[in-house]
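Report on the structure
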Amino acid sequence: MANVVVVGAQWGDEGKGKIVDWLSERADVICRFQGGHNAGHTLVIDGKVYKLHALPSGVVRGGKLSVIGNGVVLDPWHLMKEIATIREQGVEITPETLMIAENTPLILPIHGELDRAREEAASKGTKIGTTGRGIGPAYEDKVGRRSVRVADLADAATLEARVDRALQHHDPLRKGLGFEPVDRDALLAQLNEIADHILPFAAPVWKVMNEKRKAGKRILFEGAQGALLDIDFGTYPFVTSSNVIAGQAATGVGLGPGAIDYVLGIVKAYTTRVGEGPFPTELEDADGQRLGERGHEFGTTTGRKRRCGWFDACLVRQTCATSGVNGISLTKLDVLDGFETLKICVGYDLDGKRLDYLPIAAEEQARCVPIYEEMPGWSQSTEGARSWADLPAEAIKYVRRVEELIECPVALLSTSPEREDTILVTDPFAD
Ligand code: IMP
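Taking an unreviewed UniProt entry as the reference, the protein is identified by name as Adenylosuccinate synthetase belonging to Marivita hallyeonensis. Looking at the protein in UniProt, the text filed under Subunit (unreviewed entry) is "Homodimer." In its Pathway (unreviewed entry) section, the UniProt entry covering the protein states "Purine metabolism; AMP biosynthesis via de novo pathway; AMP from IMP: step 1/2."

Looking at the protein, the domain boundaries give domain 1 (4-103 + 201-262), domain 2 (109-198) and domain 3 (267-424). Relative to domain 2, the C-alpha centre of domain 1 lies at a distance of 23 Å. Counting from both sides, the interface comprises 27 residues of domain 1 and, opposite them, 19 residues of domain 2. Where domain 1 abuts domain 2, roughly 1900 Å² becomes buried across the two surfaces, and 69% of that area is made up of carbon and sulfur atoms. When the buried surface of domain 1 facing domain 2 is broken down by residue, Val73, Trp77 and Phe238 rank first, second and third, together holding 32% of it. Taken together, the connections running from domain 1 to domain 2 amount to 7 residue pairs in polar contact (both at pLDDT 80 or more). Mapped by element, the contributors of at least two residues to the side of domain 1 that touches domain 2 are α2 (76-88) and β6 (98-101). Here the side of domain 1 that touches domain 2 is composed, by residue class, of 14 nonpolar, 12 polar and 1 charged.

Let's shift gears to the site of the ligand. Near the ligand lie 15 residues; those nearest to it are Asp13, Asn38, Thr131, Thr240 and Arg304. Within the contact set of the ligand, an oxygen atom lies 2.9 Å away from a side-chain nitrogen or oxygen of Asn38. Contact between the ligand and Gln225: a nitrogen atom at 3.3 Å from a side-chain N or O atom of the residue. Here the ligand, which alone exposes 470 Å², has 95% of that area covered by the protein.

Our next topic: the pattern of salt bridges. For the structure shown, the criterion picks out 23 salt bridges. Note that Lys16 and Glu14 form a salt bridge whose closest N and O atoms lie 2.9 Å from each other. The salt bridge involving Asp141 is made with Arg146; its shortest N-O contact spans 2.6 Å. Judged by its relative accessible area of 14%, Arg146 is buried. Taken together, the shared-partner salt bridges connect Asp13, Lys268, Glu297, Arg306 and Lys332 into one network.

This next bit is on helix α4 (residues 135-143). Every buried residue belonging to α4 is among Ile135, Gly136, Pro137, Ala138, Tyr139 and Asp141, and all of these are buried. Where α4 is buried, its residues contact α3 (109-121) and α5 (156-177). Among the residues trailing α4, Arg145 stands out with phi positive, at a value near 60 degrees.

Let us look at the UniProt feature "binding site: substrate" (unreviewed entry) in the protein. Per the UniProt entry, the sites bearing "binding site: substrate" (unreviewed entry) are Thr300, Thr301, Thr302, Gly303, Arg304, Lys305 and Arg306 in this numbering. Tracing the backbone through its elements, the reader meets Gly303 in the loop between α9 (286-294) and β11 (307-309). Owing to a relative accessible area of 45%, Gly303 belongs among the partly exposed residues under this scheme. By secondary structure assignment, the location of Arg304 is in the loop between α9 and β11.

With that settled, consider the pairing of strand β3 (residues 41-45). By the alternation rule, side chains of β3 split into His41, Leu43 and Ile45, which are all buried, and Thr42 and Val44, of which none is buried. Note: β3 against strand β4 (residues 48-52), 5 bridges, orientation antiparallel. Directly across from Ile45, in β4, lies its bridge partner Lys48. Remark: 2 residues form the turn of the hairpin made by β3 and β4, two consecutive strands paired antiparallel; Asp46 in that turn has positive phi of roughly 50 degrees.

Attention now goes to the pairing of strand β8 (residues 219-222). Every second residue of β8 is oriented toward a common face, with Ile219 and Phe221 on one face and Leu220 and Glu222 on the other, all of them buried. The pairing of strand β1 (residues 3-8) with β8 spans 4 bridges and is classified as parallel. Residue pairing for β8: Val4 is matched across the bridge by Leu220. In this sheet, β8 lies alongside strand β2 (residues 29-32) in parallel orientation, the contact comprising 4 bridges. For Val29, the partnering residue across the bridge sits in β8 and is Ile219.

With 57 residues, the main nonpolar core has Leu333 and Tyr398 as its most contacted residues. With 6 residues, helix α12 (residues 393-406) is the largest single contributor of residues to this core. Counting contributing residues per domain, this core is built from domain 1 (4-103 + 201-262) and domain 3 (267-424), each supplying no fewer than three. Every residue in contact with Tyr398, bar those within four places of it in the chain, is listed here: Ala269, Phe311, Leu333, Leu336, Leu342, Ile344, Met375 and Trp378. Counting 37 residues, the second-largest nonpolar core is a separate cluster that includes Ile45, Val59, Leu153 and Val182.

A separate point is the sheet that holds β8. Strand order in the open sheet formed by 10 strands is β7-β6-β5-β2-β8-β1-β9-β13-β17-β18, and the pairing between neighbours is mixed. Where the open sheet ends on each side, the last strands, each with one partner, are β7 (202-203) and β18 (422-424). Along the sheet, helix α7 (residues 205-214) makes contact with β1, β2, β5 (65-68), β6, β7 and β8, crossing β5 at roughly 140 degrees.

Note that the residue after Tyr236, namely Pro237, is joined by a cis bond; omega there is 5 degrees. Relative to the helices and strands, Pro237 resides in the loop between β8 and α8 (248-251). The backbone phi angle of Asp351 is positive, close to 50 degrees, even though this residue is not glycine. Note on Asp351: relative accessible area 56%, which makes it exposed.

Take the environment of Ala395 next. With respect to the element layout, Ala395 can be found in helix α12. C-alpha of Ala395 to C-alpha of Gln380: the two residues are 15 residues apart in sequence and 9.4 Å apart in space. In contact with Ala395, other than residues within four places in its own chain, are Leu333, Trp378 and Thr382.

Conventions we followed
- Residues numbered from 1 in each chain as written.
- Predicted model: local features only at pLDDT ≥ 70, side-chain atom pairs only at ≥ 80, totals over all residues.
- Heavy atoms only, no water.
- UniProt positions renumbered as here; feature names shortened; annotations may be inferred.
- Domains from an automatic or database assignment.
- Contact = heavy atoms within 4.5 Å.
- Buried area = accessible area lost by both parts, 1.4 Å probe.
- Polar contact = N/O pair within 3.5 Å; in protein donor to acceptor, adjacent residues only side chain to side chain.
- Helix = DSSP H or I, 4+ residues; strand = E, 2+ residues; numbered from the N terminus.
- Nonpolar A, V, L, I, M, F, W, Y, C, P; charged D, E, K, R; others polar.
- Near = heavy atom within 4 Å.
- Areas by Shrake-Rupley, 256 points an atom, 1.4 Å probe, with all protein chains shown as cover.
- Salt bridge = Lys/Arg side-chain N within 4 Å of Asp/Glu carboxyl O.
- Buried < 20%, exposed > 50% of the residue type's maximum accessible area, 1.4 Å probe, protein only.
- Pairing = 2+ DSSP bridges.
- Core = buried A, V, L, I, M, F, W, Y, C linked by side-chain atoms within 4.5 Å.
- Axes fitted to C-alpha atoms, helices over the stretch in contact; angles between N-to-C directions.

So, in structure tokens, the structure goes:
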């Protein structure tokens, strides 16, 4: 397979970092195609820890091209800080190793401010629990056709016109929220200052990507967040503002849909969610606490405690379908070690009716009562297992049942954060 898309198949935080790093070592081009610095990917390479938010994971490996595609929303000030931190760790980042699509919309300081103000003003039940990074307002401006995009930074007159257009919308909105109007000249000065740092990385990414594809280069599309946070197919309105599902990989860099050869879904052996919104299998008891503690379930970007619950096979079957997942990477199986009984959600009871998928309305989602199937747990440790023979029979049965229920095979099984602690069934890049 030449080109592989990695997508989170739950609510994000499925453990994409390790898998993406493993795949990026063998890829020629690694690209981000949606989201922004709301993502948090931790990579551990030769004992060194790299924390990435906006940069594709490929940047920490020499000889690769990393790409930020047009499907992303980019905070240029954050990006330059992240580049500086990674450079301090001894990694070289140059316009030869990092390219940013010229048509990428920028996240401006007003977007973060608006995001946080809305969240603060929201009442219980309407709060989204965003990362406060301005992602939603920046995407709103994109579809509202008033974004400042990377290419606009190249020309002072164009930049002024774009800023004025954005402020025509934002100033009245800010007034309504009790904010001062934007200091236009200060914003322009900030943008002109950052332009010199960003523009060297700007490139016609769609063209470069098509050339790379023609040349037979291996492309890895690095998804952020998870398919249940997708703007169309997620638990709307408690979602992020981009399309997270695999189809976006092509659109988000300027390739045709045929460019995708294999979709790898990353799936945690249980379920977690950060932020607000329905979560049918959530556990607010000792079992939930145990999953959180054993799984170190704290957000990489915001440090927030993640909500934890049993594995929801209905949801994952759904996300495997909407992303066309060819195989999954099942992560954190070891967190389930020592549970006497494990539960898997196989359907929902909604007002007395059995459903085998999550209904679309948030109100109905909130009323869905999970129908569980129980399986015996295992007492042995699965941490660090590197072959099926290292796993207890009950753990293998659990994995096989997951495959059956989600209607998708396991390609990789990850049993610890260490890269070698992986059982490989199918190599997504193999021909
Ligand atoms: P936003 O993307 O900051 O607008 O946040 C919208 C929702 O997506 C919130 O529930 C966030 O907690 C969630 N979210 C955003 N990025 C991530 C991520 O990388 N991992 C997990 N959840 C995320």
